[in-house]
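# Survey of secondary and tertiary structure
As a plain string of letters, each chain reads:
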Amino acid sequence: MKKKFLAMSFSLVLLMGLLSACGGDKAANNGTNGAAGEGGNADSSKPVTINMFTASPEYTDAFNAYIEEYKKVKPNVTINLEIMQADYNTVLKSRIAAGSTPDVFQTTAGGDIDTFAEYSADLTGEPLAAAMTDAVRSNMSSSDGRVLGLPIKGNLFTLIYNKDLLEQAGITQVPATTAELQDAITKLEAKGITPFANAYKEWWVWKHVFQHFVDAAAQDASMSAKDLVDSFISGNTTFAEHPVLANNFFEFIDTTIKHGTDKPLERDSNAQVSDFASGKAAFMTGKGAWDEEAIKKINPDINLGIAGYPVSDKAEQATIITGADQALRINKDSKVVKETVEFFNWLYTSDYGKNWFSGVAKVIPPIKDAPLPDLDMPKQMDEILQVQPSGDLAINYSLDTFHQKFGELMQAYIGGNQSKEKIIDEIQKAWIQLGSAE
């Protein structure tokens, strides 16, 4: 997903010159349903430049590949790609405020679909929307049902483990309950194996862990994860009413610190991947399918496994989570909106596009009738989902402004700067202040 591999910003411009001016706002094109199809395709003779601004450096080569391929389909279309990791959200908002919204830009899905709705083309009637899986289409839709985003990929959020290390410790079944987790920790440490590799320097890993406990709390309350999150945002419920959050979540974090790699606030995503891939820890927290290639570049022979988090004494609540959490948006006021929609219709419906997700980007396809990548985690995901449901992608029900604050608060907690009670109070305040686009 996203903001994962580098701690720096960089800009990559492909095919033509430096990015000088993003697609201008207030252009003549104000509607886009059927934009690429009205009266035939966009003019294929005049030169067209599409400016993309994204925050996913891990897909630079994959984006480069489809841009190069599309040049063969539409030689008149040049796609400039600018990728920025650090401060991406701040820069994007400043460009929008300055009236220089890029032709294509990236946001998180869920609540942020509404946050940027006024700048986003309505794609509901486009072939690309019809190609999305039902779950992904829901993640890309606004509260009024319009498809306003394009999924970069389908995703998988899970506890990742080293099968060989668990076997060495005599663990025959990955833990699904809190008691089983404690037993596994005891067995691992008896063999001199550190249980957890963490990346708690990163604010975004916290939301990936937390959403598993939110799902369990929602089940215990006999409500959907969205309804529960909405109740927190509206102030109608508190942590104290949900022991899985007020107790189990914090106990899990305490456990990963006590039985994890050293200096957790200094371990970023790359360090965590290195720790896990090199066999320094048995479990990897806060991550998902996007890390498999990075792990295998370090250790091609690692025997990976995936599982839900042991969030309670109920094994059925240990579920993996799937869905789409990142979205590309097409600027509805772009001067090249028709050509941009046409490009993405091609990517999401052509034979090349169907194979691009799995074969080039090596991600879980967000569209129907596309093959899975030849990777361990997506294959295991497919097997698991044959026998148990996926958990709800609860991170989509709050904005990233909340999630970033949440991560910072949890960093303060494990750093010993704030008590658990104070952190819980601050999280509740943040949910009310930052959780919703309204």
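The text that follows walks through the structure, step by step, so that each part is easy to find. This structure is a prediction, so every number in the text was calculated from the model and none was measured.

Moving on, we get to the overall build of the chain. Of the regular secondary structure elements, the chain holds 17 helices and ten strands. Going through the 438 residues of the chain one by one, you find that 57% of them count as buried. Within the chain, counting contacts between residues at least 6 apart in sequence, those at least 24 apart form 79% of the total. Roughly 17,400 Å² of accessible area belongs to the chain as shown, and the carbon and sulfur atoms make up 47% of that amount.

Take alanine 430: it is sitting in helix α17 (residues 420–434). Sequence spacing of alanine 430 and phenylalanine 406 is 24 residues, and the spatial spacing of their C-alpha atoms is 7.5 Å.

What follows is about the packing of helix α8 (residues 204–220) against helix α10 (residues 243–258). Axis angle and axis distance: for two packed helices, these are the angle between their axes and the distance between the axes, and together they describe the pair. At their nearest, the axes of α8 and α10 sit 10 Å apart, and the two run at 145° to each other. Note on packing geometry: the crossing formed by α8 with α10 is right-handed. Contacts between α8 and α10 pair Trp206, Val209, Phe210, Phe213, Val214, Ala216, Ala217 and Asp220 from the former with Val244, Leu245, Asn248, Phe249, Phe252 and Ile253 from the latter. Of the residues belonging to the contact of α8 with α10, the class tally is twelve nonpolar, one polar and one charged.

Note on placement: proline 57 falls in the loop between β1 (48–54) and α1 (60–73). Proline 57 sits in the buried class, given a relative accessible area of 10%. Along the sequence, proline 57 and methionine 84 sit 27 residues apart, while their C-alpha atoms lie 7.5 Å from each other.

All buried positions along helix α9 (residues 225–234) are accounted for by Ala225, Leu228, Val229, Ser231, Phe232 and Ile233. Tucked inside the fold, the buried residues of α9 contact α8, α10 and α17.

It is worth spelling out the sheet that holds strand β2 (residues 77–83) at this point. Taking strand neighbours across the sheet as the criterion, the five strands line up as β2-β1-β3-β10-β4 in an open arrangement whose pairing is mixed. Of all the strands in the sheet, just β2 and β4 (150–151) have a single pairing partner and so form its edges. Looking at chain direction, β1 and β2 are connected through seven bridges and run parallel. Bridge pairing in β2 links threonine 54 to isoleucine 83.

Cut-offs applied
- Residues numbered from 1 in each chain as written.
- Predicted model: local features only at pLDDT ≥ 70, side-chain atom pairs only at ≥ 80, totals over all residues.
- Heavy atoms only, no water.
- Helix = DSSP H or I, 4+ residues; strand = E, 2+ residues; numbered from the N terminus.
- Buried < 20%, exposed > 50% of the residue type's maximum accessible area, 1.4 Å probe, protein only.
- Contact = heavy atoms within 4.5 Å.
- Areas by Shrake-Rupley, 256 points an atom, 1.4 Å probe, with all protein chains shown as cover.
- Axes fitted to C-alpha atoms, helices over the stretch in contact; angles between N-to-C directions.
- Left-handed = near helix turned anticlockwise from the far one by under 90°.
- Nonpolar A, V, L, I, M, F, W, Y, C, P; charged D, E, K, R; others polar.
- Pairing = 2+ DSSP bridges.

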